[in-house]
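Given next are the chains, with one letter for each unit.
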Amino acid sequence: DFRKMTSPIYMDTYYKMFKDLIEHSVDTTGKKSVIISHGLGCRLTLLFFNYFLEKKLGVEGCQLWKNKYIKIWIPVSGQFAGTPKSVRIAMHGDNEGMGIKCITYGSNKWYWDVEKLLSGVLWGFPDSYVFKNLKIVKYDGKYYTPDDYQEYLTKSGNKEAINAIEETIHPIRKFSLFPPRVKTHAIIG
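Predicted model, so just to flag it, every value in this text is computed and none were measured. (Residues numbered from 1 in each chain as written. Predicted model: local features only at pLDDT ≥ 70, side-chain atom pairs only at ≥ 80, totals over all residues. Heavy atoms only, no water.)

> Looking at this structure, I do not really get the layout of surface pockets. What am I missing?
In this approach the atoms are scanned with a rolling probe the size of a water molecule, which exposes any empty space left behind. Here the second largest pocket is characterised by a volume of approximately 190 Å³. Lining the second largest pocket are 14 residues, and of these Tyr14, Phe18, Ile35, Ile36 and Thr45 sit closest to its centre. Listing elements by their share of the lining of the second largest pocket, those giving two or more residues are α1 (8-29), β1 (33-38) and α2 (40-69). Considering every element that reaches the lining of the second largest pocket, the biggest residue donor is α1, with six residues. Counted by class, the lining of the second largest pocket contains nine nonpolar, five polar and no charged residues. (1 Å grid on protein atoms, 1.4 Å probe; cavity = no way out; pocket = protein on both sides within 12 Å on 5 of 7 lines; lining within 4 Å. Points joined across faces, edges and corners; volume = space filled by probe spheres on them. Helix = DSSP H or I, 4+ residues; strand = E, 2+ residues; numbered from the N terminus. Nonpolar A, V, L, I, M, F, W, Y, C, P; charged D, E, K, R; others polar.)

> Is there a simple way to explain the packing of aromatic side chains in this structure?
A ring pair, where both rings are aromatic, is described by two values, the distance of the centres and the angle of the planes. Applying the stated criterion to the full structure yields 16 aromatic pairs. An angle of 15° between the planes, with centres 5.9 Å apart, marks the rings of Phe48 and Phe52 as stacked. With Phe48 and Phe52 both in helix α2 and four residues apart, this pair spans about one turn of that helix. Each of the two residues, Phe48 as well as Phe52, counts as buried. Judged by centre distance (5.5 Å) and plane angle (75°), the ring pair of Phe49 and Trp73 falls under edge-to-face. (Phe/Tyr/Trp six-rings, centres within 6.5 Å; stacked < 30°, edge-to-face > 60°. Buried < 20%, exposed > 50% of the residue type's maximum accessible area, 1.4 Å probe, protein only.)

> Which parts of the structure should I look at to understand the nonpolar core?
Considering soluble globular proteins, one finds that nonpolar side chains tend to be buried as a cluster. In this structure, Ile22, Phe48, Phe125, Tyr152 and Leu153 are the most contacted members of the largest nonpolar core, which totals 44 residues. Contributions of two or more residues to this core are made by α1, α2, β2 (70-76), α3 (84-92), α5 (119-123), β3 (137-139), α6 (149-155) and α7 (160-172). Ranked by residue count, the leading element in this core is α2, at twelve residues. Not counting residues up to four positions away in its chain, the partners in contact with Ile22 are Ser33, Ile35, Phe48, Trp65, Tyr69 and Ile70. (Core = buried A, V, L, I, M, F, W, Y, C linked by side-chain atoms within 4.5 Å. Contact = heavy atoms within 4.5 Å.)

In structure tokens:
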């Protein structure tokens, strides 16, 4: 559930269950797993390969596990280094073209406040390791880079997102920039 992915406890539980599912599948069928992920799931799968497994199994154990259980990983339209749209959503909200409309309020804006805090939006922030000096957003006449997130989130009224970014995303985001060390066939669209 991408909405909960800013909780370290939830992430560890999710990744453990993902690991157990892969092991069960391979042990039951005798065939290595083919993993297909999409969008934000690509970045989270890469974190599974590079952060969770290494934390649980060590560097050597991590690679041995991948060699034993993974045949190929197919990321589809992965946002590995983030997307500027996530910043806009965290600042102002968006219905992402879903056409959700609340009869009571007569508009889509009720959903925008909900979406501004979804962890999938925060995980989608452009990564400052990759986009160090890129001006990703203009707000109140000023341009901001990925490192300026505290300032533009505060100005736009979404201070709640700052803690989630600093406590969960920043400590492990660099792991989503390393190669997965499994056979990979990416589909970019």
